[in-house]
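# Chains, contacts and geometry: an overview
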Protein chains: 2
Amino acid sequence: MTGPVIRLLLADDQALVRGALSALLGLEPDLEVVAEVGSGDEVVAAVLEHRPDVALLDVEMPGMDGITATAEVRRASPDTRVLIVTTFGRPGYLRRALQAGASGFVVKDTPAPQLADAVRRVHAGLRVVDPDLATDSLVAGESPLTARETEVLQAARDGAPVAAIAQRLFLSEGTVRNHLSSAIGKTGAVNRAEAVLVADGNGWL
Amino acid sequence: MTGPVIRLLLADDQALVRGALSALLGLEPDLEVVAEVGSGDEVVAAVLEHRPDVALLDVEMPGMDGITATAEVRRASPDTRVLIVTTFGRPGYLRRALQAGASGFVVKDTPAPQLADAVRRVHAGLRVVDPDLATDSLVAGESPLTARETEVLQAARDGAPVAAIAQRLFLSEGTVRNHLSSAIGKTGAVNRAEAVLVADGNGWL
DNA sequence: ACCCCGGCATGACAGATGTCAGGGTCGTGG
DNA sequence: CCACGACCCTGACATCTGTCATGCCGGGGT
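Residues numbered from 1 in each chain as written. Chains lettered and ligands numbered in written order. Predicted model: local features only at pLDDT ≥ 70, side-chain atom pairs only at ≥ 80, totals over all residues. Heavy atoms only, no water.

### Remarks on the packing of helix α7 (residues 147–155) of chain A against helix α9 (residues 173–187) of chain A
Describing two packed helices takes the angle between their axes plus the distance from one axis to the other. Residues and elements named next belong to chain A. In contact at an axis separation of 9 Å, α7 and α9 are set at 100° when each is read in the N-to-C sense. Comparing the axis directions of α7 and α9 gives the class roughly perpendicular. From α7, Arg148, Glu149, Val152 and Leu153 reach across to α9, where they touch Val176, His179, Leu180, Ser182, Ala183 and Lys186. When grouped by side-chain class, the residues that make up the contact of α7 with α9 number five nonpolar, two polar and three charged. (Axes fitted to C-alpha atoms, helices over the stretch in contact; angles between N-to-C directions. Helix = DSSP H or I, 4+ residues; strand = E, 2+ residues; numbered from the N terminus. Parallel < 35°, antiparallel > 145°, perpendicular 65-115°, else oblique. Contact = heavy atoms within 4.5 Å. Nonpolar A, V, L, I, M, F, W, Y, C, P; charged D, E, K, R; others polar.)

Written out as structure tokens, the structure is:
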């Protein structure tokens, strides 16, 4: 092995998955995992300390989500490329990750041998996105919800009644009902519960 | 390496995670992954074909959940022990998995080096359960919901209105409302949305 | 026999949800 | 300046949700 090694950072809150991915990538002679972190807010510090070539970030992590961490990494270490590795291929996630500066986006349904390939392509400056997911992203489009509607729908996630949401967000109950109604209409749902599922599934929340 | 090898089967619907676990366990000289499947309904056939010593099963899989697959495996191949490896350490899952015949239950938050240890202990006839999870299980207890209440609450998961649930389950709307009301009371929730979350979080659905 | 329990059903009703109309304020762009 | 969109608010109202009381049926246990 005389060629250069691609240095990697892994960020995933599930320790077992993180360790397994490290083992998988560690089998590749041209890849080396130099750091692993379990929460989003540890990513940038680890990037600055270890200077990886490619950071593989999960989306849903405690402390900071992978998309926000992507933007931070790109700002703090422009030479580090980001590959998102996530359970849910939600169109909104794809769009926002690419806008945040990610070079690639793979879902955990991807066959294992393809991950090392994706890492190498990202490292070589290419963009790696599943074509089906790209299509879904075009179909789902950008979130039709205003920031406030998104916030109210987020608050409605756990079934909170209008009064509780109004209290939590310092709004009147009528305003909350209006925002929910609007979000229900924009997502084509029959009620708030379904609106939450639609928006969540599209990565709009 | 002169000792015996423990033969493993992996079942997880996420190809990347499955492959990564295979790589992780494959690093152990006394472990050998002899089969991998991506859905629950493929588990038994693969067990019968490959005769693994230990089957590592995820819970939430298409085709058949890992708990049902556990019972099937234990019936079809009593010499094969089952280790559940799951994202969600829900108390109800733990209880039902052990009752179905699983010898171990680990969550994906478990540090990677502990997985091989867990496999060896299960193979040696020991039982492997996280003590915190066992405590949660005792606290949460068995589901207080009747089968019918569970079924109605399941149907309510995606926000379906009462009329739609009644139609889907061939019940009257009044009966659906009664079952939902009962489930809300038993879970201590304020409405059906919260009841779904409570029951889900406890592994009762 | 009776009793208990779970499941299903009906009906009444209070409160919550969602829709719609209308109005005001603020910031942005032409 | 005006127009527009986002946000917030109020009020009216139809519909849905959840609760409660009541009753019937079937199965299992004593």
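### Details of the protein's contact with DNA strand C
In the neighbourhood of DNA strand C, 17 residues make up the surrounding shell, with A:Asn178, A:Ser181, B:Thr146, B:Arg148 and B:Thr175 lying closest. For DNA strand C, the backbone makes up 60% of the atoms found within 4 Å of the protein, where backbone means sugar plus phosphate. Here a phosphate oxygen of DNA strand C and a backbone polar atom of B:Ser172 are 3.1 Å apart. The set of elements that each furnish at least two residues to the surface near DNA strand C consists of α9 of chain A together with α7 (147–155) and α9 (173–187) of chain B. (Near = heavy atom within 4 Å. Polar contact = N/O pair within 3.5 Å; in protein donor to acceptor, adjacent residues only side chain to side chain.)

### Describing the sheet that holds strand β4 (residues 81–86) of chain B
Residues and elements named next belong to chain B. Judged by pairing direction, the sheet is parallel, and its six strands sit side by side in the order β2-β1-β3-β4-β5-β6 without closing on themselves. Every interior strand has two partners, whereas the edge strands, β2 (31–37) and β6 (128–129), have only one. Across two bridges, strand β5 (residues 104–107) lies against β6 in parallel orientation. Looking across to β6, one finds that Phe105 is bridged to Val129. Sheet contacts for helix α2 (residues 43–50): β1 (6–11), β2 and β3 (54–57); angle to β1, the most-contacted strand, approximately 160°. (Pairing = 2+ DSSP bridges.)

### Points about the protein's contact with DNA strand D
Close contacts around DNA strand D come from 17 residues, with A:Thr146, A:Arg148, A:Thr175, B:Asn178 and B:Ser181 the closest. By atom count, sugar and phosphate contribute 66% of the portion of DNA strand D lying within 4 Å of the protein. A distance of 2.9 Å separates a base oxygen of DNA strand D from a polar atom in the side chain of A:Asn178. Secondary-structure elements contributing two or more residues to the surface near DNA strand D are α7 and α9 of chain A together with α9 of chain B. Across the surface near DNA strand D, the residue classes tally to five nonpolar, nine polar and three charged.

### Examining the domain arrangement of chain A
Entries for chain A in the domain assignment read domain 1 (6–139) and domain 2 (147–201). In this structure, domain 1 of chain A and domain 2 of chain A have C-alpha centres spaced 31 Å apart. (Domains from an automatic or database assignment.)

### Focus: the pattern of salt bridges
Evaluated as defined, the whole model comprises 26 salt bridges over all chains. In this structure, A:Arg120 and A:Glu28 form a salt bridge, with 2.8 Å as the shortest nitrogen-oxygen distance. In this pair, A:Arg120 is assigned in helix α5 (residues 113–123) and A:Glu28 in the loop between α1 (15–26) and β2 (31–37), connecting sequence segments 92 residues apart. Taking the relative accessible area as the measure of exposure, A:Glu28 reaches 26% and is therefore partly exposed. Between B:Asp58 and B:Lys108 there is a salt bridge, and its shortest N-O distance comes to 3.7 Å. With B:Asp58 in the loop between β3 and α3 (66–76) and B:Lys108 in the loop between β5 and α5 (113–123), this residue pair connects regions lying 50 residues apart in the sequence. (Salt bridge = Lys/Arg side-chain N within 4 Å of Asp/Glu carboxyl O. Buried < 20%, exposed > 50% of the residue type's maximum accessible area, 1.4 Å probe, protein only.)

### Here we look at the interface of chain A and chain B
Counting residues at the interface gives 29 residues for chain A and 29 residues for chain B. For the chain A and chain B pair, buried surface summed over both sides reaches about 2,000 Å², with 71% attributable to carbon and sulfur atoms. When the buried area of chain A at its contact with chain B is split by residue, A:Gln14, A:Leu16 and A:Lys108 rank highest and sum to 28% of it. Taken together, chain A and chain B are joined by zero salt bridges. Where chain A touches chain B, the interface holds eight residue pairs in polar contact (both at pLDDT 80 or more). It is α1(A) that contributes the most residues to the side of chain A that touches chain B, eight residues altogether. (Buried area = accessible area lost by both parts, 1.4 Å probe.)

### Points about α2(B)
All names here are of chain B. When α2 is considered as a whole, its buried residues turn out to be Val43, Val44, Ala46 and Val47. Viewed end-on, α2 has its buried residues packed into an arc of 165°, placing them on one side of the element. Counted as exposed and oriented over 90 degrees from the buried face of α2: Ala45 and Glu49. In this structure, the buried residues of α2 make contact with β1, β2, β3 and α3. Once α2 ends, the next one or two residues include Arg51, with phi positive near 50°. (Arc of directions from axis to C-beta.)

### Things to note about the nonpolar core
A:Leu56, A:Leu83, A:Leu115, B:Leu56, B:Leu83 and B:Leu115 are the most contacted members of the largest nonpolar core, which has 46 residues in total. The residues contacting B:Leu115, other than those within four sequence positions of it, are A:Leu16, B:Leu21, B:Leu24, B:Leu25, B:Leu56, B:Leu83, B:Val85 and B:Val106. (Core = buried A, V, L, I, M, F, W, Y, C linked by side-chain atoms within 4.5 Å.)

### Some details on unusual backbone geometry
The bulk of non-glycine residues show a negative phi, and the bulk of peptide bonds are trans. Residue and element names in this part refer to chain A. Although it is not a glycine, Arg51 sits at a positive phi angle of roughly 50°. One can find Arg51 in the loop between α2 (43–50) and β3 (54–57). The class for Arg51 is partly exposed, based on a relative accessible area of 45%. For Phe170, which is not a glycine, the phi torsion comes out positive at approximately 55°. Mapped onto the elements, Phe170 comes out in the loop between α8 (162–169) and α9.

### Considering the side chain of A:Lys108
For A:Lys108, a relative accessible area of 2% corresponds to the buried category. Those residues in contact with A:Lys108, other than ones at most four positions away along the chain, are A:Asp12, A:Val17, A:Asp58, A:Val85, A:Thr86, A:Thr87, B:Gln14, B:Ala15, B:Leu16 and B:Val17.

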